Amino acid sequence: MSPRRKEKRVVAVAGAAALVAVGLNLAFSAVAAHRRRKRQELPGFTAQVNLSAAEINRLADRIIAKSKETYDAVAAVPLDKVSFANAIAPLAELDAQQFPLVQACLLPRMVSPSDDVCRASAEAEKRLDSHFLLCRQREDVYRVVKAFAERGERIGPEATRFVQCLVREFERNGAKLTQTKRKEMEKLRSHIDDLNLKYIQNMNDFTKFLLLSEEELAGMPLEFLKDLEEIDGKRKVLLTSYHVTPILEHCKVGSTRKLIAVAYGQKGGKQNVAILQKLVQIRHRLARLLGYSNYSDFAIEPRMPMTSRKVLEFLEEMSEQLNDPANGELRLLKDLKVKEEGDAQFGMEDLLYYMKRAEQHKVDLDIGEIKRYFPVKLVISGMLKMFQDLFALRFEEIKDVEVWHETVRLFSVWDASSSDHMGYFFLDIFSREGKYGHTCVVALQNGCMCSNGTRKVPVAVLLSQCPKEFDGNSALLRFPEVVRIFHEFSHVVHHISNRATFSRFSGLRLEGDFAEIPSLLLENWCYESTSLKMMSGFHQDITKSVTSEACQSLKRRRDMFAGLKLKQEILLCLVDQVIHTSEDVDIDELIKDLHPKVMLGIPLLEGTSPASCFPRIAVGYDAVCYSYIWSEVFAADLFATKFKDDLLNQHAGLRFRNKVLAPGGSKDPLEIITDYLGREPSLQPFIQSRTRNTL
């Protein structure tokens, strides 16, 4: 018997042997029974999509009760009698059964037109998050799982990885700490949450504005000026990106650009720098409490690089490799400034303006005209066809099914060759009041094996805010919106392609470094003529697709000044890494020192501190700001090596689906990519693709 088949058998038999797991199956079936009667039966799909506020509250109660019951049962296992059946299988089965129920509680907050349902969903999210955090901190359950892990029982590679993930999650949440140290950890985390909130509030409460004359705003489009409030004959400029970015891109007056850039760079002020300094100190204390030498090592441990040292090496090598192309880009911008403003020193406030000027001269592209080639319906239908063709899939729309809004569409996904059923996805792409405002993907159900030997299929929801039809005419998408939807639908396909045994290893539950690689790879199709023409057509005559010249211009526009843009990103990533790997770093002094070194001699704007207005370091991406660039590098290598010369090669697409997408998190991601490429990934394809012929 192969290790893979043996592993599946262990999970199925062991889960069936656990009375707790059987009880869970029965209880969860009862919760959903009356709902099934109201909708078309969908094989392999148990998630509910249209619960009332009362049903959400009751379901959250049941989830918490059954979760506690399972954890209590595992905790009661004597340490000398632990087995896969009584220590691991119940937790795996709990995850498999609970995930779609939890998501049924959480999705309504993002999509429901009912205020009552949204409130119930938001409240359920708080309760469930709090409960699951307590579960991950249970020392009694951790001891049982750890005892099984230390036995070294042969259970197959994926089950072994699942056990390792369980142990790591418990330990990272403090389950092995003493009661006193756990209380200290909770205080530190509470303090971190408070400081995060203060940092964001300081930025949001920043109400400073500037009053500028029309002469000082020379070069700004008339439409922009009309939108500015007039006070005493001057225009009120708010220090928000909505006003600041257009001025930095279009204002001809260098002193105005500098004034705006400095004022915006002070957003959050010294208060936020002090908050960030305190945050870093507390994070280091938290990391040491959990057994790590610094916070960065704690944050990076479960990700692809695994250590902060590897991330620093990656960022430093990337910065060095970009020096030559970025210097060439900077020389061009400096020459443009000399022609327009004389010998004034080139500063950070000049970057966006002269990049825009160069783009206008070197890229023949009318963004308004391009938009007319991307009607929503055509983009969606072309995108679906492309993914079907590339990955040997078949999408079938299911009509007359219960959904949460009349504009939502449901599709079933099949393997085009074997006709195996793979999963489902919902498209909820049109804007409406109260709906979540960004394009994203939500997993409703993870693909996994259950204790009774059946398989739950993956189910995903694509949310967006596309404009609706008007007077029978299909609404048009801006090109960045086309790219965003394509990127997010790539996550849908990643999720649907998952063939892992455990729910924990779903394609949408991966660490960010790996989760973004397939979608960033597939974004390349949005910049190649062959594929882009499949998604485009002139709104008045859809037989006329976007021209090859326009496709080339879109790609050229993306890559222009990539070296300098990446340098700015690397600077902030380096700051993020250094402060989270070292003790008592003066953040302002660090930035002053690093800025000219990374930015090729361009000094930091005097009086500004990027640390005061860079929320990613403070909240959400602390110590992992590098992640997006890391993923882009891997994606570029995959594209250049496997797809660039034949974009719609189904053999290559199917191999990618089976080798990279299907395992989900069941294998080490670096091992997956290296095995697929036949070597370790390289920086060179990314550097070459983004900096070749961009000027």
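The structure displayed is predicted, hence computed values, not measured ones.

Participant: Help me understand the layout of surface pockets in this model?
Facilitator: Here the idea is plain: a probe the size of a water molecule rolls over the atoms and shows the empty space left. In this structure, the second largest pocket occupies an estimated 530 Å³ of space. Forming the boundary of the second largest pocket are 26 residues, of which E528, K555, R558, D559 and S689 lie nearest the centre. Of all the elements in the fold, those that place two or more residues in the lining of the second largest pocket are helix 22 (517-523), helix 24 (548-559), helix 28 (627-643) and helix 31 (684-691). In terms of residue class, the lining of the second largest pocket is built from nine nonpolar, seven polar and 10 charged.

Participant: Got a minute to help me understand helix 6 (residues 115-136) in this structure?
Facilitator: What sets the pattern is the α-helix's 3.6 residues per turn: residues three or four places apart point alike. Over its 22 residues, helix 6 runs 32 Å from end to end, which matches the ideal 32 Å to within 8%, given 1.5 Å per residue. All buried positions along helix 6 are accounted for by V117, C118, A120, S121, A124, L128, H131, F132 and C135. Across the axial projection of helix 6, the buried residues extend over an arc of 155 degrees, all falling on one side. The exposed residues of helix 6 that point more than 90 degrees off its buried face are D115, R119, K126 and L134. Tucked inside the fold, the buried residues of helix 6 contact helix 3 (53-75), helix 4 (84-106), helix 5 (108-111) and helix 8 (157-172). Of the residues flanking the start of helix 6, the one acting as N-cap is S114, its side-chain oxygen 3.4 Å from the backbone nitrogen of D116.

Participant: In this structure, what is going on with the sheet that holds strand 5 (residues 409-415)? I would like to understand it.
Facilitator: Each strand in a sheet pairs with its neighbour through backbone hydrogen bonds, running either in the same direction (parallel) or in the opposite one (antiparallel). Taken together, the five strands give an open sheet; going across it, the order is 4-5-6-10-7, and neighbouring strands pair in mixed fashion. Because the sheet does not close on itself, it has two edges, and the strands there are strand 4 (393-398) and strand 7 (440-445). Neighbour-to-neighbour, the strand axes of this sheet turn through a mean angle of 25 degrees, independent of strand direction. Across six bridges, the pairing between strand 4 and strand 5 is antiparallel. When the sheet's bridge partners are listed, E396 is paired in strand 5 with S412. Sheet strands in contact with helix 19 (residues 376-391) are strand 4, strand 5, strand 6 (421-430) and strand 10 (459-466), and its direction is about 140 degrees off that of strand 4.

Participant: What is the right way to look at the packing of helix 19 against helix 20 (residues 479-497) in this model?
Facilitator: The description of two helices packed together rests on the angle between their axes and the distance between the axes. Interhelical geometry of helix 19 versus helix 20 gives an angle of 40 degrees and a closest axis separation of 11 Å. Regarding the angle of helix 19 to helix 20, the classification is oblique. As for the relative orientation of helix 19 and helix 20, their crossing is right-handed in sense. Contact residues: helix 19 offers V379, I380, M383, L384, M386, F387 and F391, while helix 20 offers V482, I485, F486, F489, S490 and V493. The residue makeup of the contact of helix 19 with helix 20, split by class, is 12 nonpolar, one polar and no charged.

Participant: What am I meant to see in the pairing of strand 1 (residues 209-212) here?
Facilitator: Consecutive side chains along a regular strand alternate between the two faces of the sheet. Of the two faces of strand 1, the one holding L210 and L212 is buried and the one holding F209 and L211 is not buried anywhere. Bridge analysis of strand 1 against strand 3 (residues 234-238) gives four bridges, and the strand direction is antiparallel. Each residue of the ladder has a partner; that of F209, found in strand 3, is L238.

Participant: Explain the sheet that holds strand 3 here, please?
Facilitator: Read across the open sheet, the three strands follow the order 1-3-2; overall the sheet is antiparallel. Two strands in the sheet have a free side with no partner beyond their single neighbour: strand 1 and strand 2 (230-231). Inspection of the sheet shows strand 2 paired to strand 3 by two bridges, in the antiparallel sense. Paired with E230 across the two strands is R235, which belongs to strand 3. Lying on the sheet, helix 12 (residues 254-265) is in contact with strand 1 and strand 3; it crosses strand 1 at an angle near 165 degrees.

Quick notes on the rules
Residues numbered from 1 in each chain as written. Predicted model: local features only at pLDDT ≥ 70, side-chain atom pairs only at ≥ 80, totals over all residues. Heavy atoms only, no water. 1 Å grid on protein atoms, 1.4 Å probe; cavity = no way out; pocket = protein on both sides within 12 Å on 5 of 7 lines; lining within 4 Å. Points joined across faces, edges and corners; volume = space filled by probe spheres on them. Helix = DSSP H or I, 4+ residues; strand = E, 2+ residues; numbered from the N terminus. Nonpolar A, V, L, I, M, F, W, Y, C, P; charged D, E, K, R; others polar. Expected span 1.5 Å × (residues − 1). Buried < 20%, exposed > 50% of the residue type's maximum accessible area, 1.4 Å probe, protein only. Arc of directions from axis to C-beta. Contact = heavy atoms within 4.5 Å. Polar contact = N/O pair within 3.5 Å; in protein donor to acceptor, adjacent residues only side chain to side chain. Pairing = 2+ DSSP bridges. Axes fitted to C-alpha atoms, helices over the stretch in contact; angles between N-to-C directions. Parallel < 35°, antiparallel > 145°, perpendicular 65-115°, else oblique. Left-handed = near helix turned anticlockwise from the far one by under 90°.

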